[in-house]
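Chain by chain, the residues run as shown.
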Amino acid sequence: MSLIELSNPYLTAFATGLVYGSLVCTATCLPYIASYIAGTGANFRRGIFATLTFNSGRIIAYTLIGALVSVFSGLVQFIIEESTCSIIQAYSTIAFSIVTMILGIFLLYKNQRPVCDCNKTVFNAKPRLIRRFDVGAFTLGLSRGAVLCWPLIVLLLYTIPFAGPIDSIVLAALFGIGTALSPMLLIGGVTGWLLNKATLLQKYIALVGAIIIIILGISTLISSLQILI
């Protein structure tokens, strides 16, 4: 029996991601991306773009997880049976918290240093796509997506007996796309728009956003270490 013979497995993966993204992902990821948007001083358009870039990182992370499940399907089932999945999740959360703190520290340093026009020529010499690509938002999303998502893992484990080599990758990607089409996208843009309206307080808002990111990273790190201790 192939995966194609199942009842709309791809639609199920997309719908599951859509529901999970609208409920859980928005609540858990929004504090990080909203603080990042504040820390970068983004407007509505840049807020939307930062959220899209953040979500693209999560989609790639989910797709890589799908590829690993496809290649090491037997090992994945062994890990689940041995109850070590929580330890893996704790370590991936630690990695995410470290990335979050590094980004927060970088934004804090960037917002405090004086603006220098001498780098504008070098900056403008870069290709437009490179200038627009938000490495920080992508890294934040990639590390966040690497934290094991239980609905995705359950979906992939359920389809292992019927899936072909490529099916788990496609299902994981569709799940990630579903989670990306959530209210978080619009809220990210609105966050940038609202914060950009406070022109006189923009620098202070950026500093507060960077500090909040650092605090979020520290709190996530502490909660992850408590699981391992």
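Above this text you will find the structure in question.
Scope of this entry: the structure provided in the associated data block. What you see is a predicted model, and the numbers here were worked out from it, not measured in a lab. (Residues numbered from 1 in each chain as written. Predicted model: local features only at pLDDT ≥ 70, side-chain atom pairs only at ≥ 80, totals over all residues. Heavy atoms only, no water.)

Once that is clear, we can look at a nonpolar patch on the surface. Residues Ile-87, Tyr-91, Leu-225, Ile-227, Leu-228 and Ile-229 make up a contiguous nonpolar surface patch of about 630 Å² in total accessible area. Mapped by element, the contributors of at least two residues to the nonpolar patch are α4 (85-112) and α11 (202-228). One can find Ile-227 in helix α11. Overall, Ile-227 belongs to the exposed group, its relative accessible area being 54%. (Patch = residues over 30% accessible without salt bridge, like charges linked within 9 Å, V, L, I, M, F, W, Y side chains within 5 Å. Areas by Shrake-Rupley, 256 points an atom, 1.4 Å probe, with all protein chains shown as cover. Salt bridge = Lys/Arg side-chain N within 4 Å of Asp/Glu carboxyl O. Helix = DSSP H or I, 4+ residues; strand = E, 2+ residues; numbered from the N terminus. Buried < 20%, exposed > 50% of the residue type's maximum accessible area, 1.4 Å probe, protein only.)

The next point concerns empty space enclosed by the protein. Tallying each qualifying case throughout the model produces one cavity of 30 Å³ or more. Here the largest cavity is characterised by a volume of approximately 40 Å³. What lines the largest cavity is simply Ile-37, Ala-38, Gly-41, Ala-42, Leu-195, Asn-196, Gln-202, Ile-205 and Ala-206. Per-element accounting of the lining of the largest cavity gives the leading share, three residues, to α11. (1 Å grid on protein atoms, 1.4 Å probe; cavity = no way out; pocket = protein on both sides within 12 Å on 5 of 7 lines; lining within 4 Å. Points joined across faces, edges and corners; volume = space filled by probe spheres on them.)

Here we come to the packing of helix α2 (residues 44-71) against helix α10 (residues 183-197). Running from amino to carboxyl end, α2 crosses α10 at an angle of 145°, the nearest separation of the two axes being 7 Å. Crossing of α2 over α10 shows right-handed handedness. Contacts between α2 and α10 involve Phe-44, Gly-47, Ile-48, Thr-51, Leu-52, Phe-54, Asn-55 and Arg-58 from the former and Met-184, Leu-185, Leu-186, Gly-188, Gly-189, Val-190, Gly-192 and Trp-193 from the latter. (Axes fitted to C-alpha atoms, helices over the stretch in contact; angles between N-to-C directions. Left-handed = near helix turned anticlockwise from the far one by under 90°. Contact = heavy atoms within 4.5 Å.)

For the rest of this paragraph, the subject is the environment of Ser-92. The topology assignment puts Ser-92 in helix α4. Put simply, Ser-92 and Leu-148 are 56 residues apart on the chain and 7.5 Å apart in space, counted from C-alpha to C-alpha. Once you skip the residues sitting within four places of it in the chain, Ser-92 turns out to touch Ala-146, Val-147 and Leu-148.

A separate point is the nonpolar core. Ranked by internal contacts, the top residues of the largest apolar core, which has 20 residues, are Ile-33, Tyr-36, Phe-54, Leu-140 and Met-184. Among the elements of the structure, α1 (9-40), α2, α4, α7 (135-145) and α11 are those that each provide at least two residues to this core. Among the elements that take part in this core, α1 stands out by supplying seven residues, more than any other. Those residues in contact with Ile-33 that sit more than four places away from it in its chain are Ala-50, Thr-51, Phe-54 and Met-184. Residues Cys-149, Leu-152, Ile-153 and Leu-156 belong to the second largest nonpolar core, which totals 15 residues. (Core = buried A, V, L, I, M, F, W, Y, C linked by side-chain atoms within 4.5 Å.)

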